[in-house]
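# What the coordinates show
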Amino acid sequence: MADWKIKLPDTIADNASSGGVVLGTRPVRLDGLDLSLMGCLLHRNGNLIDTGAGGAVLGSPINALVWLANVLGENGESLEAGHVVLPGSITAMVPVSPGDTMTATFAGVGSVTARFAAP
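A brief report on the enclosed structure follows. The model shown is predicted, which means the values in this text are computed figures rather than measured ones.

## A short note on the pairing of strand S2 (residues 47–53)
By the bridge criterion, six bridges tie strand S1 (residues 39–44) to S2 in an arrangement that is antiparallel. Along S2, the bridge assignment pairs Cys40 with Gly52.

Structure (structure tokens):
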């Protein structure tokens, strides 16, 4: 999006500005974790570029999930085991360039890494 001059319909249409999702390989049980306090460190090419906490997502990513489940329920649908839900971003969006390696580390959960290859 040029100069990030977007409105809500633009954000929804492009899947909340996501180009993709990177999932970890080890599922983590959420009981015992306070996702509202869960911190995140975001690194680009080994350099810390942003930090955040789960509270940035409607107070907790769980609140976003509950909202989604309620809206789906009102429409006769439900979340099923294995569904992947993107509740919102803990850190700010940052642009990436070909060759960048991005790592997000979530306290108590683990890390994911993505490398962006040349087109």
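## Concerning the pattern of salt bridges
Under the definition given, this model contains two salt bridges. With its nearest N and O atoms 3.2 Å apart, the salt bridge here joins Arg29 to Asp31. For the pair Arg29 and Asp31, one class covers both residues: exposed. Among the ionic pairs, Arg44 bridges to Asp100, the shortest N-O distance being 3.6 Å. Of the two residues, Arg44 is situated in strand S1 and Asp100 in the loop between helix H2 (61–74) and strand S3 (101–106); the sequence distance between them amounts to 56 residues.

## Structural notes on the nonpolar core
Residues Leu35, Met38, Cys40, Leu42, Val57, Ala64, Ile90, Met102, Ala104 and Val112 constitute the largest nonpolar core, which totals ten residues. Listed by contribution, the elements that provide at least two residues to this core are S1 and S3. If we skip the residues at most four places from it in the chain, Ala64 touches Val57, Leu58 and Pro87.

## Digging into the environment of Arg26
Structurally, Arg26 can be placed in the loop between helix H1 (8–13) and S1. Taking C-alpha positions, Arg26 is 8.9 Å from Val109, a pair spaced 83 residues apart along the chain. Those residues in contact with Arg26 that lie beyond four places of it in its chain are Val109 and Gly110. Here the side chain of Arg26 touches Val109 through a polar contact of 2.9 Å, landing on its backbone oxygen.

## Examining unusual backbone geometry
Here Asn45, not a glycine, exhibits a phi torsion of approximately 50°, which is positive. Along the polypeptide, Asn45 turns up in the loop between S1 and S2. Relative accessible area serves as the criterion here: at 41%, Asn45 is assigned to the partly exposed category. You will see that Leu58, though not glycine, has its phi angle at about 55°, which is positive.

Basis of the calculations
- Residues numbered from 1 in each chain as written.
- Predicted model: local features only at pLDDT ≥ 70, side-chain atom pairs only at ≥ 80, totals over all residues.
- Heavy atoms only, no water.
- Pairing = 2+ DSSP bridges.
- Helix = DSSP H or I, 4+ residues; strand = E, 2+ residues; numbered from the N terminus.
- Salt bridge = Lys/Arg side-chain N within 4 Å of Asp/Glu carboxyl O.
- Buried < 20%, exposed > 50% of the residue type's maximum accessible area, 1.4 Å probe, protein only.
- Core = buried A, V, L, I, M, F, W, Y, C linked by side-chain atoms within 4.5 Å.
- Contact = heavy atoms within 4.5 Å.
- Polar contact = N/O pair within 3.5 Å; in protein donor to acceptor, adjacent residues only side chain to side chain.

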